[in-house]
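Okay, here's what each chain looks like letter by letter:
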Amino acid sequence: GQNIDQPTEMTATEGAIVQINCTYQTSGFNGLFWYQQHAGEAPTFLSYNVLDGLEEKGRFSSFLSRSKGYSYLLLKELQMKDSASYLCAAYNTDKLIFGTGTRLQVFP
Amino acid sequence: DAGVIQSPRHEVTEMGQEVTLRCKPISGHDYLFWYRQTMMRGLELLIYFNNNVPIDDSGMPEDRFSAKMPNASFSTLKIQPSEPRDSAVYFCASSLGMALYGYTFGSGTRLTVV
């Protein structure tokens, strides 16, 4: 079967660092995506990890461990506009399977 | 590039009525995906097409749901008859190749069945 788990909600303070974890179990795994979704909007692509290790993109970084079925998204220097849902998605053969998302609230 | 275009943005219908959702993918993209999003279940893949051919419809909940892609620039998702439990946001997404660069999602159709 396929299973993707991530926390339902997280809160953090402006300027802080937050790490959103994701664990997955899926056959035919080809990589791990992270998407950002603001309320009432479409998901937008943040990052893609296919090899183990850390990928850094400005304030956002994503990590993958294929052997552990684990990924995280690291957000630094949090801003109010980072309040959104963050969706972890496993790339399975030729389709994306999404988790239910982590709703992040950033407070001043 | 206008992105993935979905219509309508909002749809309110009565139980038992037929509903048709429409999607225009990004020109040149060869994959098209239909997802449904609810608070409880998140984003669920319903069906996807490659070069206009349905590849996997295992996520389609039941026979009331059907999807077509008559050409590279248009796809429909139809629900007949609709039920209140079909209320959700339906997203269409497209990609070039096998999602190596991620999918581009449309703005979604918020469906409410009363």
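Summary of the structure given here. Residue numbering note: each chain is counted from 1, following its sequence as written. By the order in which they are written, chains take letters starting at A while ligands take numbers starting at 1. A pLDDT threshold of at least 70 governs which residues receive local features in this predicted model, and a stricter bar of 80 or more applies before side-chain atom pairs are shown or counted, although totals over entire chains, interfaces and linings include all residues. As a rule here, side-chain values come from all non-hydrogen atoms in the structure, and water together with hydrogens is ignored.

**Concerning the nonpolar core**
Let me state the cut-off plainly: To qualify as a nonpolar core, a set must consist of buried Ala, Val, Leu, Ile, Met, Phe, Trp, Tyr and Cys residues joined through side-chain atoms within 4.5 Å. Burial here depends on accessible area, computed with a 1.4 Å probe over protein chains only, as a share of the maximum for the residue type. Under 20% is buried, over 50% is exposed, and the range in between is partly exposed. We call two residues in contact when some of their heavy atoms are within 4.5 Å.
With 22 residues, the main nonpolar core has Ile4, Leu32, Trp34, Leu75, Leu78, Tyr86 and Leu104 of chain A as its most contacted residues. Other than its neighbours up to four places away in sequence, tyrosine 86 of chain A contacts Gln6, Ile20, Trp34, Tyr35, Gln36, Leu46, Phe60, Leu73, Leu75, Gly101, Thr102 and Leu104 of chain A. Grouped together as the second largest cluster of nonpolar side chains are 21 residues, Leu32, Met60, Met69 and Val113 of chain B included.

**Details of the pattern of salt bridges**
Two side chains that carry opposite charge are able to pair once their charged atoms sit near each other. All names here are of chain B. Put simply, the rule is: Criterion for a salt bridge: a side-chain nitrogen of Lys or Arg within 4 Å of a carboxyl oxygen of Asp or Glu. Starting at the N terminus, helices and strands are each numbered in turn, a helix being any DSSP run of H or I of at least four residues and a strand any DSSP run of E of at least two.
Under the counting rule described, the total for this entry stands at 12 salt bridges over all chains. The residue glutamate 44 makes a salt bridge to arginine 41 at a minimum N-O spacing of 2.7 Å. For glutamate 44, a relative accessible area of 16% puts it in the buried group. In this structure, the salt-bridge partner of arginine 64 is glutamate 83, at a minimum N-O distance of 3.5 Å. Taken together, the residues arginine 64 in the loop between strand E6 (53–56) and strand E7 (65–71) and glutamate 83 in the loop between strand E8 (74–79) and strand E9 (88–95) connect sequence positions 19 residues apart.

**A closer look at the pairing of strand E7 (residues 60–65) of chain A**
Residues and elements named next belong to chain A. Selection criterion: Paired strands, as defined in this entry, are two strands with at least two bridges between them according to DSSP.
Of all 6 residues in E7, 5 are buried, a share of seventy percent or more. Of the strand pairs in this sheet, strand E6 (residues 53–57) and E7 are connected by 5 bridges, and their pairing is antiparallel. Among the inter-strand pairings, glutamate 55 is bridged to a residue of E7, identified as serine 62. Two strands pair when backbone bridges link them, and E7 and strand E8 (residues 70–75) are joined in this way by 6 bridges, in the antiparallel orientation. Pairing of phenylalanine 63 across the sheet is with tyrosine 72, part of E8. Remark: 4 residues form the turn of the hairpin made by E7 and E8, two consecutive strands paired antiparallel; glycine 69 in that turn has positive phi of roughly 60 degrees.

**Some details on the interface of chain A and chain B**
Under the convention used in this document: The term buried area refers to how much accessible surface (probe radius 1.4 Å) is lost by two components on association, counted for both of them together.
Counting from both sides, the interface comprises 18 residues of chain A and, opposite them, 23 residues of chain B. Taken together, the two surfaces of chain A and chain B that pack against each other cover about 1500 Å², and 56% of this comes from carbon and sulfur. Of all residues in chain A, Asp94, Lys95 and Phe98 of chain A bury the most surface against chain B, accounting for 31% of the area lost on that side. Here chain A and chain B share 1 salt bridge between them.

**Looking at the sheet that holds strand E3 (residues 19–24) of chain B**
All names here are of chain B. The test is simple: Note on geometry: axes are lines fitted to C-alpha atoms, helical ones only across the stretch in contact, with angles between N-to-C directions running from 0 to 180 degrees.
With antiparallel pairing, 4 strands are arranged side by side in an open sheet as E1-E3-E8-E7. At either margin of the open sheet sits one strand with a lone partner, and together these are strand E1 (5–7) and E7. In this sheet, neighbouring strand axes are inclined to one another by 15 degrees on average, regardless of whether the strands run parallel or antiparallel.

Keep in mind these numbers describe shape, not what the thing actually does.
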